[in-house]
Amino acid sequence: MPEWTSIADTYLHPSTPPVISVSPVPLTVPGRPLDLEVRISAPMTGADLPVILFSHGQGGAYGLSSLDGYLPLAKVWAARGFVVIQPHHLSAPRLAHQVADEPGAPFFWASRTQDMRSIIDRLDEIERAVPGLTGRMDPSKIAVAGHSAGSFTSELLLGAGATDPDTGEALNAHDPRITQGVLLGAIGRGGDAFDGFMTARAPVFRTTDLTTMTTPTLVVAGDKDDSQHWTTMGPDWHADPYHLAPGPKTLLTVFDGEHLLGGIQGHDSVETTDESPDRVAAIAELTAAYLRTAFHPDDNAWQTAQHALVTGPDAIGRVESK
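Since we're looking at a predicted model, the values are computed, not measured.

Asker: How would you sum up helix H2 (residues 71-79)? Please name residues and give values.
Answerer: Most of H2 sits inside the fold, with seven of its nine residues counted as buried. Following H2 by one or two positions, Gly81 has its phi on the positive side, about 105°.

Asker: Could you give me a rundown of the packing of aromatic side chains, with the residues and numbers involved?
Answerer: Scanning all chains against the criterion turns up 11 aromatic pairs. Ring centres of Trp109 and Phe152 lie 5.5 Å apart, and the angle between their planes is 85°; on these two criteria the pair is classed as edge-to-face. Of this pair, Trp109 sits in helix H4 (residues 109-121) while Phe152 sits in helix H6 (residues 149-157), and the two are 43 residues apart along the sequence. Considered together, Trp109 and Phe152 belong to a single accessibility category, that of buried residues. Both rings, one in Trp109 and one in Phe205, keep their centres 5.1 Å apart while their planes meet at 50°; by these two values the pair is tilted. One end of the pair, Trp109, is in helix H4; the other, Phe205, is in the loop between strand E6 (180-184) and strand E7 (217-222), and 96 residues separate them in sequence. Judged by relative accessible area, Trp109 falls into the buried class, the value being 10%. Ring pairs connect the aromatic residues Phe107, Trp109, Phe152, Phe194, Phe205, Trp230 and Trp237, which therefore count as one cluster.

Asker: Quick rundown of the layout of surface pockets? Include the residues and the values.
Answerer: The method is simple in principle: a probe with the dimensions of a water molecule rolls over the atoms, and the space it marks as empty is what remains. Of the pockets and cavities examined, the largest pocket occupies roughly 740 Å³. Considering the residues around the largest pocket, the lining is formed by 37 residues, among which Gln58, Gly59, Gly60, Ser148 and His229 are closest to the centre. Of the residues belonging to the lining of the largest pocket, the class tally is 19 nonpolar, 12 polar and six charged.

Asker: So what about unusual backbone geometry? Which residues, and what values?
Answerer: Residue Ser23 is joined to Pro24 through a cis peptide bond whose omega torsion reads -10°. With respect to the helices, strands and loops of the structure, Pro24 is situated in strand E1 (residues 19-27). Ala105 connects to Pro106 through a cis peptide bond whose omega is 0°. One non-glycine residue, Tyr70, adopts positive backbone phi at about 60°. When you line up the elements, Tyr70 lands in the loop between strand E3 (49-55) and H2. Of note, Asp268 is a non-glycine position whose phi angle comes to about 70°, a positive value. Within the fold, Asp268 resides in the loop between strand E8 (249-254) and helix H8 (277-295).

Asker: Which residues make up the pairing of E6, and what values go with them?
Answerer: Burial of E6 is extensive: five of the five residues sit out of reach of the surface. Both faces of E6 are covered, namely the face carrying Gln180, Val182 and Leu184 and the face carrying Gly181 and Leu183. Here five bridges tie strand E5 (residues 137-147) to E6, and the two strands are oriented parallel to one another. Pairing of Ala145 across the sheet is with Val182, part of E6. Since E5 and E6 lie parallel, the crossover through H6 that links them has a hand, and here it is right-handed. Sheet topology note: the E6/E7 ladder contains four bridges and is parallel. Looking at E7, one finds that Leu184 is bridged to Val220.

Asker: An account of the packing of H8 against helix H9 (residues 301-309) is requested, with residue identities and associated values reported.
Answerer: The geometry of H8 relative to H9 is characterised by a closest axis approach of 7 Å and an angle of 155° between their N-to-C directions. Here H9 runs roughly antiparallel to H8, going by the angle between their axes. Between H8 and H9 lies a crossing of left-handed hand. Across the interface between the two elements, Ala282, Glu285, Leu286, Ala289, Tyr290, Arg292 and Thr293 from H8 touch Ala301, Trp302, Ala305, Gln306 and Leu309 from H9.

Asker: Can you lay out the sheet that holds strand E9 (residues 317-321) for me, pointing to particular residues and giving the numbers?
Answerer: The strand order across the open sheet formed by nine strands is E1-E2-E4-E3-E5-E6-E7-E8-E9, and the pairing between neighbours is mixed. A single partner strand is all that each edge strand has here, and the edge strands are E1 and E9. In this sheet, adjacent strand axes meet at a mean angle of 20° when their direction is disregarded. Inspection of the sheet shows strand E2 (residues 36-43) paired to strand E4 (residues 83-87) by four bridges, in the antiparallel sense. Of the residues in E4, the one forming a bridge with Val38 is Pro87. Running over the sheet, H2 touches E1, E2, E3, E4, E5 and E6 and is turned about 150° from E4. Helix-sheet contacts for H4 involve E2, E3, E4 and E5, and the interaxial angle to E3 is about 160°.

Quick notes on the rules
- Residues numbered from 1 in each chain as written.
- Predicted model: local features only at pLDDT ≥ 70, side-chain atom pairs only at ≥ 80, totals over all residues.
- Heavy atoms only, no water.
- Buried < 20%, exposed > 50% of the residue type's maximum accessible area, 1.4 Å probe, protein only.
- Helix = DSSP H or I, 4+ residues; strand = E, 2+ residues; numbered from the N terminus.
- Phe/Tyr/Trp six-rings, centres within 6.5 Å; stacked < 30°, edge-to-face > 60°.
- 1 Å grid on protein atoms, 1.4 Å probe; cavity = no way out; pocket = protein on both sides within 12 Å on 5 of 7 lines; lining within 4 Å.
- Points joined across faces, edges and corners; volume = space filled by probe spheres on them.
- Nonpolar A, V, L, I, M, F, W, Y, C, P; charged D, E, K, R; others polar.
- Pairing = 2+ DSSP bridges.
- Right-handed = clockwise from strand over helix to strand, strands pointing away.
- Axes fitted to C-alpha atoms, helices over the stretch in contact; angles between N-to-C directions.
- Parallel < 35°, antiparallel > 145°, perpendicular 65-115°, else oblique.
- Left-handed = near helix turned anticlockwise from the far one by under 90°.
- Contact = heavy atoms within 4.5 Å.

Following this line, the structure appears as structure tokens:
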């Protein structure tokens with residue numbers, strides 16, 4: 001048996017250190033119609049922990065499109081040494097009946113990015129809300145990650161441009177405090193490429209400009225993520241943030257991955273069309289390894305993870321960088 005196979009098995013079925021998770025932690029934000037609730041997950045031990053802000057998608061899953069979803073990623077990231085903060089955006093399906101008449105409904109594009117900036121502004125308060133976490137975060141090391149609609153939120157924070165279709169104002173949300181990004185099932189280019197049968201529901205995507213997204217980012221795209229509701233370009237559209245944004249950027253193309261990439265929202269989610277716990281585990285480990293090395297260049301986690309998971313005949317995907 002080749003050596004890489006045994007390494008892959010270790011990654012796909014790891015012994016995961018315990019983590020602590022606290023939810024919901026409410027933050028009162030002036031002008032926001034509801035408190036900003038967040039989930040915080042962190043390792044039980046360790047110091048100088050980098051922070052990952054995660055923006056959930058806009059899918060129809062009542063519970064998973066919220067701060068309570070994506071735990072297959074969040075619990076691994078926390079176990080690998082990150083503080084993971086998951087906001088409950090106003091666009092979450094289970095809040096729809098409370099905010100349907102608010103400006104920005106139903107997608108709340110501008111509010112989503114403001115949620116993330118509010119979290120960064122109040123990291124001290126968030127830290128104190130978790131027993132034993134005070135003094136253990138490193139606020140100089142912040143990444144933003146997002147899936148689907150959450151990737152658009154992340155793209156804006158990483159430097160992409162767009163225009164609010166309701167106000168005509170530029171959604172200029174670039175936050176230099178965020179120094180790394182991870183985009184999963186990302187929103188691609190706007191313009192004529194945004195031509196799917198549901199595009200009228202999200203006209204803001206038509207204005208997406210990825211050429212200004214300068215922050216280093218890992219783009220995770222499934223090679224079978226054919227989102228006909230948004231575009232007729234096929235799966236390549238989800239790799240646009242890699243191809244169109246300036247470097248440094250890295251692309252992880254996931255073999256046989258569809259839009260939920262094996263079930264990153266939650267194991268056994270009925271929305272998952274390509275269910276694969278091993279695919280989810282590999283993506284969780286690869287994204288964690290990418291960020292570990294990005295924040296600590298002397299840590300070879302990214303090189304080791306690539307050797308284990310994107311090498312050989314059973315590779316889960318391929319990696320390229322620019």
